[in-house]
Amino acid sequence: MLEGNGKAMSISRIGVIGAGQMGGGIAQVFAVHGFSVVLYDIDAQLAAKGYAVIEANLNRLVDKGRMNEEAAALTLTRLSLTADLEQLHDAELVIEAAPERLDLKKRIFAELDMLCSPHTILATNTSSLPVTELAAVTKRAHRVIGMHFMNPVPVMPLVEVIRGLATSDETFEIITALTQAIGKTAVPVRDFPGFVSNRVLMPMINEAIYAVYEGVATPEAVDQIMLLGMNHPMGPLKLADFIGLDTCLAIMETLHEGFGDSKYRPCPLLRSYVQAGWLGKKTGRGFYTYN
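Naming follows an unreviewed UniProt entry, where the chain appears as 3-hydroxybutyryl-CoA dehydrogenase of Paenibacillus radicis. Heading Pathway (unreviewed entry) of the UniProt record for the chain holds this comment: "Lipid metabolism; butanoate metabolism."

J.: Even after reading the chapter, I still don't get the UniProt feature "domain: 3-hydroxyacyl-CoA dehydrogenase C-terminal" (unreviewed entry) in the chain, so can you show me in this structure?
T.: Under the UniProt annotation, the feature "domain: 3-hydroxyacyl-CoA dehydrogenase C-terminal" (unreviewed entry) is placed at residues 194-290. Helix makes up 62% of residues 194-290 and strand makes up 0%, while its end C-alpha atoms are separated by 28 Å.

J.: Looking at this structure, I do not really get the side chain of Thr 82. What am I missing?
T.: Note on placement: Thr 82 falls in strand E5 (residues 79-82). For Thr 82, a relative accessible area of 11% gives the class buried. Each residue touching Thr 82, except ones within four places of it in the same chain, is listed here: Val 38, Leu 39, Tyr 40, Asp 41, Ala 47 and Gln 87.

J.: Would you take a moment to explain the layout of surface pockets for this structure?
T.: Remark: the empty space left among the atoms is shown by a probe the size of a water molecule rolled over them. The calculated volume of the second largest pocket comes to roughly 230 Å³. The wall of the second largest pocket is formed by 14 residues, among which Leu 102, Leu 129, Pro 130, Thr 254 and Glu 257 lie closest to the centre. A total of five residues in the lining of the second largest pocket trace back to one element, the largest contributor, which is helix H10 (residues 245-259). Residues of the lining of the second largest pocket, tallied by class, amount to six nonpolar, three polar and five charged.

J.: When you look at the environment of Gly 215 in this model, what are you seeing that I'm missing?
T.: Note that Gly 215 resides in the loop between helix H7 (197-213) and helix H8 (219-229). Look at Gly 215 and you get exposed, because its relative accessible area is 59%. Sequence separation between Gly 215 and Lys 139 is 76 residues, and the spatial gap between their C-alpha atoms is 51 Å.

J.: Can you walk me through the UniProt feature "site: Important for catalytic activity" (unreviewed entry) in the chain in this structure?
T.: Here the UniProt feature "site: Important for catalytic activity" (unreviewed entry) sits at His 148. Looking at the element boundaries, His 148 is found in strand E8 (residues 144-149). Setting aside residues no more than four positions away along its own chain, His 148 makes contact with Thr 124, Asn 125, Thr 126, Ser 127, Leu 158, Val 159, Glu 160, Ile 162, Phe 195, Ser 197 and Asn 198.

J.: Got a minute to help me understand the pairing of strand E9 (residues 158-163) in this structure?
T.: Every other side chain in a regular strand lies on the same face of the sheet, so the side chains alternate between the two faces. Pairing between E8 and E9: five bridges, direction antiparallel. Across the sheet, residue Met 147 finds its bridge partner in E9, namely Val 161. Across six bridges, the pairing between E9 and strand E10 (residues 185-190) is parallel. Bridge pairing in E10 links Ile 162 to Val 189.

J.: I keep staring at the pattern of salt bridges and nothing clicks. Help me out?
T.: Two side chains with opposite charge may pair up if their charged atoms get near one another. Counting across every chain of the model gives ten salt bridges. The partner of Asp 90 in a salt bridge is Arg 13, and the shortest N-O contact between them spans 2.7 Å. Residue Asp 90 is found in the loop between E5 and strand E6 (93-96), and its partner Arg 13 is found in strand E3 (residues 13-17); the two are separated by 77 residues along the sequence. One salt bridge connects Arg 163 with Asp 169, and the closest N-O pair in it is separated by 2.6 Å. Arg 163 sits in the partly exposed class, given a relative accessible area of 28%.

Cut-off values and rules
Residues numbered from 1 in each chain as written. Predicted model: local features only at pLDDT ≥ 70, side-chain atom pairs only at ≥ 80, totals over all residues. Heavy atoms only, no water. UniProt positions renumbered as here; feature names shortened; annotations may be inferred. Helix = DSSP H or I, 4+ residues; strand = E, 2+ residues; numbered from the N terminus. Buried < 20%, exposed > 50% of the residue type's maximum accessible area, 1.4 Å probe, protein only. Contact = heavy atoms within 4.5 Å. 1 Å grid on protein atoms, 1.4 Å probe; cavity = no way out; pocket = protein on both sides within 12 Å on 5 of 7 lines; lining within 4 Å. Points joined across faces, edges and corners; volume = space filled by probe spheres on them. Nonpolar A, V, L, I, M, F, W, Y, C, P; charged D, E, K, R; others polar. Pairing = 2+ DSSP bridges. Salt bridge = Lys/Arg side-chain N within 4 Å of Asp/Glu carboxyl O.

This is the structure we're talking about:
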């Protein structure tokens, strides 16, 4: 349990919206660290799939000797699934990890605002969309904040903590302390398109795609140059496949619209791949082919 200053604010029950790669990873990390987690997805089958992935991840940790069987079993007892949003009504914190669509996230935040206690903090895992605009659809803008986890969530130590225009100091302090309590490093950033991580990363990925589009080099060559010449742990095109090319495109479009600068224009090849359904690892094909 995490205690906050000011009004008695304790966080022990977390709601996570979206049982995909990010939402499932967020749910796993909180459950591992002793929090009660309700994992919601609009589709009960997707929620069950998310649970199965978490269970497989924990079993893998046990096999590698990084967690004992008792701890893994206890972690799963802290996790419950639902396809009913009302089951999140008593959560002290709800983290939204839905697809990167502003209209969808606004609808979710408006529903959560009516459903949850006035003291509940609403957080978004958005990678590029405006936290202030999401907060504006609620009556608790001071309790809305961004928590941008990195992928894969159980492994990556960073969480960008994004303050909206109205986010209170108390909310920021609670979320910063909570981030530390789950073994992550909270780095504060302002509410600008793409924040810092994707404002820097996505144009690099986009430029790598342009290099392929213009015939400068193959995807393998581009990635090898960044691996061997720049000491990157993963080439930008393989990383794009891992993130999802649809997500990369959505972020580039947000940057392009938000800044109005042509340097953020998505590469036509990226757009073509998304239109073809070649979204990367999750569909079996992107810049590389996956089994």
